[in-house]
Amino acid sequence: MTLSSCVQIQTEEDIVHARHIGREHAKELGFSSVEQSRIASTISELARNIVLYAKEGEICIEALEHEGKKGLAISAKDAGPGIDDLRLVMEEGYSTSGGLGSGLSGVKRIVDEFTIRSEVGNGTIIETKKWLA
């Protein structure tokens with residue numbers, strides 16, 4: 001299985017492009033239409049954070065296979081300002097952009113595995129995995 005794509009993120013159009021690729025990969029792997037939408041939402045949130053806070057970065061989407069299970073790895077990487085307080089940004093309802101605050105805590109609820117690393121002044125890396133049920 002060699003589904004793998006990375007999209008440079010700088011604009012709203014890049015977010016739409018990354019969502020489309022993620023949905024297509026999810027469809028090819030056999031995710032339901034509901035799960036395809038959740039995967040697209042995950043990509044939107046991660047990519048939008050790049051545009052809003054880091055100005056540019058990258059979303060990578062890769063097919064996974066582990067112990068007979070299939071899934072998608074979705075990662076977001078930027079060299080932006082980093083996140084000062086990871087605990088705070090992971091709280092339900094937290095938003096600095098005036099949004100609804102589903103943000104990263106919403107992403108964490110959608111996916112099966114979620115890790116975040118951030119260093120102030122050096123950017124953020126978020127890695128997620130969503131397994132096919």
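Here is a short report on the structure shown in this document.

Moving on, we get to the packing of helix H2 (residues 33-54) against helix H4 (residues 103-110). Viewed as axis vectors pointing N to C, H2 and H4 meet at an angle of 150 degrees, and their least axial separation amounts to 10 Å. As judged from the angle between their axes, H2 and H4 are roughly antiparallel. H2 and H4 meet at a crossing whose hand is left-handed. Judged by residue contacts, Arg-38, Ser-41, Thr-42, Glu-45, Leu-46 and Asn-49 of H2 engage Gly-103, Leu-104, Val-107 and Ile-110 from H4. Residue composition of the contact of H2 with H4, grouped by class: four nonpolar, four polar and two charged.

The next point concerns the nonpolar core. Membership of the largest hydrophobic core comes to 30 residues, with the highest contact counts inside it found for Ile-9, Leu-46 and Ile-59. Of all elements in the fold, only strand S1 (4-9), helix H1 (12-29), H2, strand S2 (57-66), strand S3 (69-78), H4 and strand S4 (113-119) reach the threshold of two or more residues within this core. Counting residues per element, this core draws most heavily on H2, at six residues. Setting aside its immediate chain neighbours within four residues, Ile-59 contacts Ser-5, Cys-6, Val-7, Ile-9, Ile-43, Leu-46, Ala-47, Ile-50, Ile-74, Ser-75 and Ala-76.

Criteria and thresholds
- Residues numbered from 1 in each chain as written.
- Predicted model: local features only at pLDDT ≥ 70, side-chain atom pairs only at ≥ 80, totals over all residues.
- Heavy atoms only, no water.
- Axes fitted to C-alpha atoms, helices over the stretch in contact; angles between N-to-C directions.
- Helix = DSSP H or I, 4+ residues; strand = E, 2+ residues; numbered from the N terminus.
- Parallel < 35°, antiparallel > 145°, perpendicular 65-115°, else oblique.
- Left-handed = near helix turned anticlockwise from the far one by under 90°.
- Contact = heavy atoms within 4.5 Å.
- Nonpolar A, V, L, I, M, F, W, Y, C, P; charged D, E, K, R; others polar.
- Core = buried A, V, L, I, M, F, W, Y, C linked by side-chain atoms within 4.5 Å.
- Buried < 20%, exposed > 50% of the residue type's maximum accessible area, 1.4 Å probe, protein only.

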